[in-house]
Amino acid sequence: MNGWAGKILRVDLTQGKFEIIPTSDYVPTYIGGRGVASRIYWEEVPADAGAFDPENRLIFVTGPLQGTMAPTSGRFMVAGKAAQTAPVEAYCRSGCGGHWAPELKWAGFDAVVVYGRASKPVYIWIHDGETEIRDASNLWGKDPFTTQEMLWEVHGKEARAVTIGKAGEMKSRLGIIITDSGDASGQGGYGGVMGSKNLKAIVVRGTGSIKVARPKELMEAVYYVRSLFSSPSKPGSPFEPSEPGFKYNIWGGLDRGQLTGAPGELWTLCSDPKSGYERLPDACFACPIGCRSRVRGPDITSGVAQCTQSNMYIESIMKYPEKGYSKLTWEAGRMADYYGINAYEIHGINPWLTACYEEGVLTKKDTGLPLDEIGGRQFISELLRKIALREGFGDLLAEGCQRAATKLGGKAEELMWVLYPRAGKFGGYREHWLYYAGFPDGYAIPPLALIWALDNRDAMVSHNFVSQLWGAASSLGYPPNFAEAEELIPVVKPTMKYAYGSEKAAEFFTPDGKGLKWDWAPRVAKRFFERTILKDSYIVCDVAFPFLYNPNSKDHVGDSSLESRLFSAVTGVDMTEEESYEVGDMLCTLERAIQAREGRTRDDDVLRDMCYTNRDAAGRQYRRDDLERAKDEYYKLLGWDQRGIPTAQRLRELKLSDVAEALQRKGVISS
Amino acid sequence: MANRKNRLLEKSDSQDQSAREIPPVSRRDFLKAGVAGLAFLAGGVKVRDMFDMVALADERQLPLAKGVVLVDKRLCSGCRTCEAVCSTYNSQGRTSSALARVILEKDYLRGNYEANTCFQCVEPLCLAACPVEAIVVDTKSGTNARIIDPQICIGAEDCIEACGSVFTPPRPRFDVERGVAIKCHLCFGDPQCVKFCPYGALQFKWSDDGVRTGYPIVKEG
């Protein structure tokens, strides 16, 4: 097989047994990554299985591009029933970068499907087609980095490992799966799921290869991608391009290394060569961009961190504005990594605790936390420790912010709503660009609201739509989130026309500027989800793909054919961009079928009431009836009924007859 | 080692035409050329980062390689694009770190990245060690790179061992699937790792007079 390694490894931890199945059972139909994971999940995970039950599958899956030179192909997806989704645990997914994915492919496997529960802590060792379950008693309790070092002593430095920290071991819904020096699968609580299976790590080492069908074509495509995203560095500075005016093009506007930290104390130290602090380039496998950087210094915990971890403790900047981004800000994120805690949930927990404290809903005594010192060192270290060890109030927080607040109820719950905007049964994910320029006082943009209502986690994790807005801001000379929304419209007209078929897709506001225009939102959302699911299936990184905004060209029009070109060259399975969207459409419906089986209907595709009463920076509002109308049209476009459930006819058209029958048997759709 | 040295001499005499065109170089010649070479290398690359200078032998029979891929460590992000493109290009689309002729060693936790390239040595021990003379100087493309002829290679891996006696990791590698050794041949004058390195950390240094790199000038600890 070209592209795919050809084998999927199934691991039954209860029995301690392995089974190998051919990847060709799933591909090319489901492509790889999230597509294959969805199909496996559909077939294997009972609707009533809990996230921490042995029946749940923890699916580590790569795509056809992993292990090749395709740009940003260092990634893999983790999927399964998510512990974080609230109030009902449900199917979700979370991606992770680094260097683990290619190593798994070179070891001979496209995916590892883990189920059951080991009777004691174990890890899985996979090397060149050989598989083994090993005792992990001595690793249990160790942080992810010490764990990796101990594993390297046994298996050699070339082995790559995904591991969990204390949070995962304690079945925290904030538990993450982490690899290398900070790459993590954060959302979904899959670290907790891994912990529930008594699985500490999966270690891989491969000396095999992945065959590319058309190497010359792939190299040409990659060279083109590289020219769009990267120009060699200026001598002596990896963060500055040698070509004057060239933008490294992270989400249209940001530069290389810019997803680590912000100006302040630490950056000042790093830019002084005599200080002993350094900021160095770092990239995932085959990535031409290198969005983050590595930071080290004599009295800080060194490592690599992306925006999520490195900017986790914004409160420290607010508390000590004179320092700006400080050593403490940096170390807080690293501390979360050492415990294996989802830093993005801390982005929710900290402002929620702040609000609860200010409103008098929670006290220092209730929580055992120095709530009057939020932003300080003691607060964050106690908070993270309590969460990781499930100690006192931390036991509640380890259930995730939404679950914790709901349990407290009353005002505490209300104060959470603003941060967790999707209502219904499938929320649990903190706000992530529901508004351009942030929540709650950014700009209302209709497609963002629709996408948020429909997704099964924080929707903008795939930054493709919002990247155009950031890119336009950057082209106008603003930092990505500092432009007025009206200013962006003329800049994004050509890019929206290219991406969605009409300049009208860029007209978000009524001519008088007082209201929102929703007419293009359903079509935009459809293409958004298709591209997102394809990106997660090939697998490439959402920092680069889909490439919808080119900061280095005059009209800023990107190129959304890159992914299908890479796929075709690697696998030899020819697929045009248009054909790829048909697959994306099918995968969206398959995922929706899974959700429907787990109880999701249009009543769950809703936002918190306050999203409709809140006014944005220009005084505009999302309106409930507009969103409902947009949902009607979106469901129609996808061939779903007005309850938001795929119809039997549509499922059959998509060659998912077995899915239709199963939903009929279950009474989800009528026969 | 003595045998290898002898074989090096024999080989250069019998096999390589251009070898005869270059007269033996005296220590004085080296000093002149060496200084020029250093100035040439100093452009953009911190020589001391890469080199541990030792004395050059008085005599040299093989023509110097005209090009070499060098690394500016400070620019490297450890993305391993170099490895991926090298194996894709040179192993007919079989992509793997294990098949790359440039070997990136990455300390994932501490962040020290070393892209280890072949130095195209002044006195290539790999060439000397090959029992069947499968390693030759690439005069055809004009790079004078030390290359392995896969038709001749019998997979003895002596080249890997010989290189490993001075360099860690050894630059030639073993292609298990095909049963032959592989090594950097500068992509016949257009090294793809250099072309695809997104950071410009890899640089192709060229001199018509030949580059004085690798054994016995450079040794790795």
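Residues numbered from 1 in each chain as written. Chains lettered and ligands numbered in written order. Predicted model: local features only at pLDDT ≥ 70, side-chain atom pairs only at ≥ 80, totals over all residues. Heavy atoms only, no water.

**Considerations on the overall build of chain B**
Looking only at helices and strands, chain B features eight helices and nine strands. Across the 221 residues that make up chain B, the buried fraction comes to 60%. Pairs at least 24 residues apart make up 72% of the contacts formed inside chain B by residues separated by at least 6 positions. (Helix = DSSP H or I, 4+ residues; strand = E, 2+ residues; numbered from the N terminus. Buried < 20%, exposed > 50% of the residue type's maximum accessible area, 1.4 Å probe, protein only. Contact = heavy atoms within 4.5 Å.)

**Quick look at the overall build of chain A**
When its secondary structure is counted, chain A shows 26 helices and 24 strands. Against the compact-globule benchmark of 26 Å for 671 residues, chain A has a radius of gyration of 23 Å, which places it among compact chains. Principal-axis analysis of the C-alpha atoms gives chain A an extent of 65 × 60 × 55 Å. Evaluated residue by residue, chain A yields a buried proportion of 66% over its 671 residues. The contacts in chain A between residues at least 6 apart in sequence include a share of 68% that link residues at least 24 apart. Only carbon and sulfur atoms are counted for the fraction: they give 50% of the accessible area of chain A, which is about 21500 Å². Between the averaged position of the 81 positive side-chain charges in chain A and that of its 87 negative side-chain charges there is a distance of 1 Å. (Rg over C-alpha atoms; globule rule 2.2 N^0.38 Å. Areas by Shrake-Rupley, 256 points an atom, 1.4 Å probe, with all protein chains shown as cover. Lys, Arg positive; Asp, Glu negative; His and termini not counted. Charge placed at Lys NZ, Arg CZ, Asp CG, Glu CD.)

**Considering the interface of chain B and chain A**
Taken together, the contact pairs 36 residues of chain B with 49 residues of chain A. The shortest N-O distance in the salt bridge between Lys106 of chain B and Asp282 of chain A comes to 3.6 Å. Seen at the junction of chain B and chain A, the total is 26 residue pairs in polar contact (both at pLDDT 80 or more). The element contributing the most residues to the side of chain B that touches chain A is helix H5 (residues 81–90) of chain B, with five residues. Classifying every residue of the side of chain B that touches chain A gives 15 nonpolar, 13 polar and eight charged. The pairing of strand E14 (residues 210–211) of chain A with strand E2 (residues 94–95) of chain B spans two bridges and is classified as antiparallel. Following the sheet pairing, Ile210 of chain A is matched in E2 of chain B by Thr95 of chain B. (Salt bridge = Lys/Arg side-chain N within 4 Å of Asp/Glu carboxyl O. Polar contact = N/O pair within 3.5 Å; in protein donor to acceptor, adjacent residues only side chain to side chain. Nonpolar A, V, L, I, M, F, W, Y, C, P; charged D, E, K, R; others polar. Pairing = 2+ DSSP bridges.)

**Description of the pairing of strand E8 (residues 122–127) of chain A**
All names here are of chain A. Across the six residues that make up E8, a large majority, five, are buried. Taken together, the six bridges between E8 and strand E9 (residues 130–135) define a ladder with antiparallel strand orientation. Across the sheet, residue Trp125 finds its bridge partner in E9, namely Glu132.

**Thoughts on the packing of helix H20 (residues 521–538) of chain A against helix H22 (residues 577–597) of chain A**
Packed helix pairs are specified by the crossing angle of their axes together with the interaxial distance, meaning the distance between the axes. All names here are of chain A. H22 packs onto H20 with a crossing angle of 90 degrees between their chain directions and a minimal axis gap of 8 Å. Overall, the two elements H20 and H22 adopt an arrangement that is roughly perpendicular. Counting all contacts with H20, which are made through Lys526, Arg527, Phe529, Glu530, Arg531, Ile533, Leu534, Ser537 and Tyr538, the residues of H22 involved are Glu577, Glu578, Ser580, Tyr581, Val583, Gly584, Asp585, Leu587, Cys588 and Glu591. Residue composition of the contact of H20 with H22, grouped by class: eight nonpolar, three polar and eight charged. (Axes fitted to C-alpha atoms, helices over the stretch in contact; angles between N-to-C directions. Parallel < 35°, antiparallel > 145°, perpendicular 65-115°, else oblique.)

**Topic: the environment of Gln621 of chain A**
Residues and elements named next belong to chain A. Mapped onto the fold, Gln621 is located in the loop between helix H23 (610–613) and helix H24 (624–638). With relative accessibility at 22%, the residue Gln621 sits in the partly exposed group. Sequence separation between Gln621 and Ser231 is 390 residues; the distance between their C-alpha atoms is 42 Å. Discounting chain neighbours no more than four positions away, the residues touching Gln621 are Leu516, Tyr612, Thr613, Asn614 and Arg615. There is a polar contact of 3.1 Å between the side chain of Gln621 and the backbone oxygen of Thr613.

**Section: the sheet that holds strand E7 (residues 111–115) of chain A**
Residues and elements named next belong to chain A. What the six strands build is an open sheet, ordered E2-E1-E7-E3-E4-E6; its pairing is mixed. The sheet is open, and its two edges are formed by strand E2 (17–22) and strand E6 (90–96), each paired on a single side. Ignoring strand direction, the axes of neighbouring strands in this sheet form an average angle of 15 degrees. Across four bridges, strand E3 (residues 58–61) lies against E7 in antiparallel orientation. Each bridged residue has a counterpart across the sheet, and for Ile59 the counterpart in E7 is Val113.

**Observations regarding unusual backbone geometry**
With an omega dihedral of 5 degrees, the bond running from Val27 of chain A to Pro28 of chain A counts as a cis peptide bond. With respect to the helices, strands and loops of the structure, Pro28 of chain A is situated in the loop between E2 and helix H1 (33–44). Along the chain, Thr168 of chain B connects to Pro169 of chain B via a cis peptide bond; the corresponding omega equals -10 degrees. Tracing the sequence through the fold places Pro169 of chain B in the loop between helix H7 (158–164) and strand E7 (173–175). A positive phi angle, close to 45 degrees, is found at Asp128 of chain A, a residue other than glycine. With respect to the helices and strands, the residue Asp128 of chain A is situated in the loop between E8 and E9. Positive phi, close to 50 degrees, is recorded for Lys171 of chain A, a residue that is not glycine. By the secondary structure assignment, Lys171 of chain A is in the loop between helix H4 (166–169) and strand E11 (177–179). Looking at Lys171 of chain A, the relative accessible area reads 36%, which means it is partly exposed.

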